[in-house]
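# Structural characterization, general
Listed below, chain by chain, are the residues.
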Amino acid sequence: MIGIGYAAIVIVCLSGVIGRYLYTRIPRSKSGVELTRDQVASERQTLLGEISVATGFTPAEIDARLATDPVPHTGSMLASFRSLLAQDVARRRALRRFRQFLATHGTSGVTLNRTTLHQVSRLASREAALTQQARMLEATHRIFKFWHVAHRPVAVTALITVVVHVAVVVALGATWFR
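Residues numbered from 1 in each chain as written. Predicted model: local features only at pLDDT ≥ 70, side-chain atom pairs only at ≥ 80, totals over all residues. Heavy atoms only, no water.

### Remarks on the packing of aromatic side chains
To describe a pair of aromatic rings, one takes the distance between the centres and the angle between the planes. Note the following rule: Here a pair means two rings of Phe, Tyr or Trp (six-membered ring of Trp) with centres within 6.5 Å. Their orientation is stacked below 30 degrees between planes, edge-to-face above 60, and tilted elsewhere. We count a stretch as a helix when DSSP gives it H or I for four or more residues in a row; a strand needs E for two or more, and each element gets its number in order from the N terminus. Working definition: with a 1.4 Å probe on protein chains only, accessible area under 20% of the residue-type maximum means buried, over 50% means exposed, and in between means partly exposed. Placement of a positive charge over a ring is assigned whenever Lys NZ or Arg CZ falls within 6 Å of the ring centre and within 35 degrees of the normal to the ring plane.
As enumerated under the stated definition, the model contains four aromatic pairs in all. On the numbers, 6.4 Å between centres and 40° between planes, the contact of Tyr23 with Phe144 is tilted. Remark: Phe144 occurs in helix H6 (residues 137–171) and Tyr23 occurs in helix H1 (residues 2–24); sequence separation between them is 121 residues. Seen in terms of ring centroids, Phe144 and Trp147 are 5.4 Å apart; in terms of plane orientation they differ by 5°. Their pairing is stacked. Residue Phe144 and its partner Trp147 are located together in helix H6, separated by three residues, close to a single helical turn. In this structure Trp147 comes out as buried when scored by relative accessible area, which is 14%. Through a chain of ring-to-ring contacts, the aromatic side chains of Tyr23, Phe144 and Trp147 assemble into a single cluster. A cation sits over an aromatic face here: Arg65 above Phe101, 3.6 Å from the ring centre.

### A closer look at the pattern of salt bridges
As a reminder of what qualifies: Think of a salt bridge as a Lys or Arg side-chain nitrogen and an Asp or Glu carboxyl oxygen that are within 4 Å of each other.
Taken as a whole and judged by the stated rule, the model has six salt bridges. Here Arg25 makes a salt bridge to Asp88, at a shortest N to O gap of 3.2 Å. Separated by 63 residues along the polypeptide, Arg25 in the loop between H1 and helix H2 (37–55) and Asp88 in helix H4 (residues 77–105) bring together distant segments of the chain. For Arg25, a relative accessible area of 11% gives the class buried. Judged by its relative accessible area of 4%, Asp88 is buried.

### Comments concerning H2
For clarity, the threshold we go by: Expected span, for any helix, means 1.5 Å times one less than how many residues it has. In what follows, a contact means two residues having at least one pair of non-hydrogen atoms within 4.5 Å.
End to end, H2 covers 27 Å across 19 residues, agreeing with the expected 27 Å (1.5 Å per residue, within 8%). Looking at the packing, one finds that the buried side of H2 touches helix H3 (59–66), H4 and helix H5 (114–135). Of the residues flanking the end of H2, it is Gly56, one or two places downstream, whose phi is positive at about 90°.

### Considerations on a nonpolar patch on the surface
The cut-off we apply is this: By definition, no residue in a patch forms a salt bridge, and every one has over 30% relative accessible area; like charges are joined within 9 Å, nonpolar side chains (Val, Leu, Ile, Met, Phe, Trp, Tyr) within 5 Å. In these tables, accessible area is a Shrake-Rupley quantity obtained with a 1.4 Å probe, and a residue counts as shielded only by the protein chains included in the view.
On the surface, a nonpolar cluster with roughly 580 Å² of combined accessible area is contributed by Met1, Val156, Ile160, Val164, Val168 and Leu172. Here Ile160 shows up in helix H6. Under the relative-accessibility criterion, Ile160 is labelled partly exposed at 49%.

### What to know about the packing of H4 against H6
Our working rule: Axis definition: a line fitted to C-alpha atoms, over the contacting stretch in the case of helices. Angles run 0 to 180 degrees between N-to-C directions. Throughout, the term roughly parallel applies to angles under 35 degrees, roughly antiparallel to angles over 145, roughly perpendicular to angles from 65 to 115, and oblique to all others. By convention the crossing between two helices is left-handed if the near helix lies anticlockwise of the far one by an angle smaller than a right angle, and right-handed if it lies clockwise. Think of it as three bins: nonpolar holds Ala, Val, Leu, Ile, Met, Phe, Trp, Tyr, Cys and Pro, charged holds Asp, Glu, Lys and Arg, and polar takes everything else, Gly as well.
Interaxial distance between H4 and H6 falls to 10 Å at its minimum, and their mutual angle equals 120°. Taken together, the axis directions place H4 and H6 in an arrangement best described as oblique. Of the two possible hands of crossing, H4 and H6 adopt the one that is left-handed. Across from Met77, Ser80, Phe81 and Leu84 in H4, the residues of H6 making contact are Ala139, Thr140, Arg142, Ile143 and Phe146. By residue class, the composition of the contact of H4 with H6 is six nonpolar, two polar and one charged.

### Quick word on the environment of Gln100
Structurally, Gln100 can be placed in helix H4. According to the relative accessible area criterion, Gln100 is partly exposed, its value standing at 48%. Here the alpha-carbon distance between Gln100 and Gln87, two residues 13 residues apart in the chain, equals 20 Å.

### Concerning the confidence of the model for the protein chain
Our working rule: For every residue, the pLDDT score states the predictor's confidence, bounded by 0 at the bottom and 100 at the top.
With 92% of its residues at a pLDDT of 70 or more, the protein chain has an overall mean of 83. At the low end of the mean pLDDT range in the protein chain sits H3, at 83; at the high end sits H1, at 90.

### Describing a positive patch on the surface
Quick note on the threshold: Charged residues are defined narrowly, with Lys and Arg counted positive, Asp and Glu counted negative, and His plus the chain ends left uncounted. Charged groups are reduced to one reference atom each: NZ for lysine, CZ for arginine, CG for aspartic acid, CD for glutamic acid.
Taken together, the side chains of Arg93, Arg96, Arg97 and Arg99 define a basic patch exposed on the protein surface. Take Arg96: its relative accessible area is 45%, and that puts it in the partly exposed class.

This is the structure in structure tokens:
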């Protein structure tokens, strides 16, 4: 019985990592409340404006430099999950290229200082993440709902098997308190 419980715990842990990844792909405010599409668009425009002010580039130029795959994947859940992972890699590459561009070109030929470059990189990272999250929101919700259906029964199984195991061990008299 403890073997089943242990296997269930391992599955729950691995599933928890996947669930956490999916949870972070849903755009949220600082208070943790899920953002609407309008709120995401508003925050994106604010971030693009702040980056524009700091760098001197237009919001359209910044958006073009941070752009990744503009088309959301609407296929199967597994294909959508692979698309999420691929877009994460593409977003990181676009951010790295953007940082390198800013470090070498700066504003009108003047390179940005280190503090400003770090601040702009952080803002660009948030903007790119919001763009990706908004684009893949329906697919993420669909995968997350399926994840809940698969994760909960395994977690309950793990809990029940461990509780039964402990109860049997204590009933047989094998305790630490002899």
